[in-house]
Amino acid sequence: MDIVYINDLKVDTVIGIFDWERRIRQTVSLDLEMAADISKGAATDHIDDALDYKSISKRLIAFIEESEFQLVETLAERVAALVLEEFNVPWLRLRLSKPGALRGARDVGVIIERGERS
Ligand SMILES: Nc1nc2c(c(=O)[nH]1)N=C([C@H](O)[C@@H](O)CO)CN2
């Protein structure tokens with residue numbers, strides 16, 4: 001199985017458990033690895049035969065900008081479900097980071113894998 005990936009996709013959103021966090025927008029960063037068979041796109045050299053990372057990133061930016069979750073866990077689950085369902089991806093690994101959320105740490109967040117990897 002091949003991988004199509006998007007690294008360090010930064011999106012501003014409302015996220016957090018504290019009152020002050022509900023009043024501001026913070027940046028989250030996504031590293032997304034998606035299982036895909038790249039052979040058809042490689043053979044035809046046509047985007048219709050490829051998993052289009054541009055379409056996926058546009059959809060994720062729109063979804064995350066509109067979202068107002070409290071936990072990074074919830075946002076990660078919803079992002080994973082969207083990618084699996086809307087883009088017919090069988091398996092993914094998502095690292096969702098919240099830079100600067102914890103004093104002394106560069107970032108915090110979650111890493112999840114969803115779907116079946118063949
Ligand atoms: N497991 C988690 N722990 C914490 C989260 C979270 O989303 N998942 N969030 C916070 C606060 O919102 C924090 O990011 C603000 O500094 C604390 N712990």
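A quick note: this is a predicted structure, and the numbers were derived from the prediction, not measured.

### Looking at the overall build of the protein chain
Part 1 of the argument: A tally of helices and strands in the protein chain yields four helices and four strands.
Part 2 of the argument: The N-to-C order of helical and strand elements in the protein chain reads β-α-β-α-α-α-β-β.
Part 3 of the argument: Overall size of the protein chain, expressed as C-alpha extent along the three principal axes, is 50 × 25 × 20 Å.
Part 4 of the argument: Burial statistics for the protein chain: of 118 residues in total, 19% are counted as buried.
Part 5 of the argument: For the protein chain, restricting intrachain contacts to residue pairs at least 6 apart in sequence, the fraction spanning at least 24 positions comes to 60%.

### Examining the site of the ligand
Part 1 of the argument: Taken together, Gly-16, Ile-17, Phe-18, Glu-21, Leu-71, Val-72, Glu-73, Lys-98 and Ala-101 make up all the residues around the ligand.
Part 2 of the argument: Classifying every residue of the shell around the ligand by side-chain character gives five nonpolar, one polar and three charged.

### Examining the sheet that holds strand S4 (residues 107–115)
Part 1 of the argument: If you walk across this open sheet you meet the four strands as S1-S2-S3-S4, and the pairing is antiparallel. Only two strands of the sheet have a single partner each, and these edge strands are strand S1 (2–13) and S4. Looking at each pair of strands side by side, their axes are set apart by 15° on average, direction ignored.
Part 2 of the argument: Pairing between strand S3 (residues 91–99) and S4: nine bridges, direction antiparallel. Following the sheet pairing, Arg-93 is matched in S4 by Glu-113.
Part 3 of the argument: Of the strands in this sheet, S1 and strand S2 (26–36) touch helix H3 (residues 53–66), which is tilted by about 30° from S1.

### A look at the nonpolar core
Part 1 of the argument: Judged by nonpolar contacts, the single largest core of 20 residues is most densely connected at Met-34 and Leu-94.
Part 2 of the argument: Ignoring any residue separated from it by four or fewer positions in sequence, one finds Leu-94 in contact with Leu-30, Leu-32, Ala-76, Val-79, Ala-80 and Ile-112.

### Topic: the confidence of the model for the protein chain
Part 1 of the argument: Chain-level statistics for the protein chain give a pLDDT mean of 97 and a share of 100% at 70 or above.
Part 2 of the argument: Both scores are given for the predicted complex: the pTM is 0.97, the ipTM 0.97.

### What to know about the pairing of S3
Part 1 of the argument: Relative to S3, S2 runs antiparallel, the two sharing six bridges. Paired with Leu-32 across the two strands is Leu-94, which belongs to S3.

Cut-offs used in this document
Residues numbered from 1 in each chain as written. Predicted model: local features only at pLDDT ≥ 70, side-chain atom pairs only at ≥ 80, totals over all residues. Helix = DSSP H or I, 4+ residues; strand = E, 2+ residues; numbered from the N terminus. Buried ≥ 20, exposed ≤ 12 C-beta atoms within 10 Å, placed from the backbone. Contact = placed C-beta atoms within 7 Å. Near = placed C-beta within 6 Å. Nonpolar A, V, L, I, M, F, W, Y, C, P; charged D, E, K, R; others polar. Pairing = 2+ DSSP bridges. Axes fitted to C-alpha atoms, helices over the stretch in contact; angles between N-to-C directions. Core = buried A, V, L, I, M, F, W, Y, C linked by C-beta atoms within 7 Å. pLDDT = per-residue confidence, 0-100.

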